[in-house]
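# Descriptive analysis of the structure
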Amino acid sequence: VIAEDTGDLRINAQRVKAEFEKRCQTAGIEGALKISAGETARTICDLSRWADLVVLNLAHPPGSSPISKMQSGFRTILWRCSRPVLAVPGEARPLRRILLAYDGSEKADEALFVAAYIGGFWGIPVVALTAEEPGRTSTMVMTLAQQYLKQRGVEGVFVTESGSVSDAILSVSDMYRCDLIIMGSYGRSP
C-alpha cells in the first residue's frame, strides 16, 4: 500500500512487486501482489476479504504511550480485519515452538484448530496458555485444549497463569522461547 499514487512511489512499488514475483517463482509458490494507494490500515482491511491470511511486517510497532497505541494502524487492522493476521516483527525465523493463547471462546477454538494444524504438519510443539482473570476463565478450558491436541498427535505443554492476560502471554512466550503466538481475538483490549 502506497500513501499516494505518485511516480516515485509507484516505481519503488513495482520493484517490490518484481522481487516478490521472482521469489515466488524461485520457491515454486503461486502468489500475487497488488499495489494500492490509500490509507494503509483501511486498505489492508478492505482487501483482506480476498485473502485467507494477512501477513504484516511489524516494522513500525505502536509506541508505548496509550495515545500512540490507540492511534496505531496496526491496532486498526487487528480490530477491523476480517481475516487472521500474522504480524512478523523483524526478520522471520524458523518455527520451533508455538504459543497458543486459549480461553475456550469460539475464536480461541479457531486458534486451537490452526495451532494444531501447524503443530501437526510441521511437528512443532504447542505451548497452550490459559490466563485466569477473576470471573473470566473456567478450569475446564485447558482440558479441552489438551484433549484436542492429544487426539491429533500434537505435542503440547499446558500452562495456566493468573493475572493479566497480556503479561502472561509475553512472559510464557519468553519462558518457552516461542516463535509464533496464535490467538483467536481479544475481547477487552489489544
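This text goes with the structure placed above it.
Predicted model only: the values in this text are computed from it and were never measured.

Calculation criteria
Residues numbered from 1 in each chain as written. Predicted model: local features only at pLDDT ≥ 70, side-chain atom pairs only at ≥ 80, totals over all residues. Heavy atoms only, no water. Helix = DSSP H or I, 4+ residues; strand = E, 2+ residues; numbered from the N terminus. Expected span 1.5 Å × (residues − 1). Core = buried A, V, L, I, M, F, W, Y, C linked by side-chain atoms within 4.5 Å. Buried < 20%, exposed > 50% of the residue type's maximum accessible area, 1.4 Å probe, protein only. Pairing = 2+ DSSP bridges. Axes fitted to C-alpha atoms, helices over the stretch in contact; angles between N-to-C directions. Parallel < 35°, antiparallel > 145°, perpendicular 65-115°, else oblique. Left-handed = near helix turned anticlockwise from the far one by under 90°. Contact = heavy atoms within 4.5 Å.

### A word on helix α1 (residues 7-27)
An ideal rise of 1.5 Å per residue puts 30 Å on 21 residues; α1 measures up with 30 Å between its terminal C-alpha atoms. Taken from the residues just after α1, G28 is the one with a positive phi, measuring 70°.

### Brief notes about unusual backbone geometry
Phi is positive for R177, which is not a glycine, with a value near 55°. Note on placement: R177 falls in the loop between α7 (165-176) and β6 (180-183).

### Brief notes about the nonpolar core
Judged by nonpolar contacts, the single largest core of 20 residues is most densely connected at I98, L100, Y102, L112, V126 and I182. Counting only elements with at least two residues in this core, the list comes to β3 (98-101), α5 (106-122), β4 (126-132), α6 (141-151) and β6. Broken down by element, this core gets its largest block of residues, 6 residues, from α5. Counting 10 residues, the second-largest nonpolar core is a separate cluster that includes L99, A101, V159 and C178.

### Brief notes about the pairing of strand β1 (residues 54-57)
Every second residue of β1 is oriented toward a common face, the buried set being V54 and L56 and the non-buried set V55 and N57. In this sheet, strand β2 (residues 85-88) lies alongside β1 in parallel orientation, the contact comprising 4 bridges. Opposite V55, over in β2, you have L86 as the bridge partner.

### What about the packing of α5 against α6?
At a minimum axis separation of 10 Å, α5 and α6 run at an interaxial angle of 30°. Relative to α6, the element α5 lies roughly parallel. As for the relative orientation of α5 and α6, their crossing is right-handed in sense. Contacts from L112, F113 and A116 in α5 reach A145, Y148 and L149 in α6.

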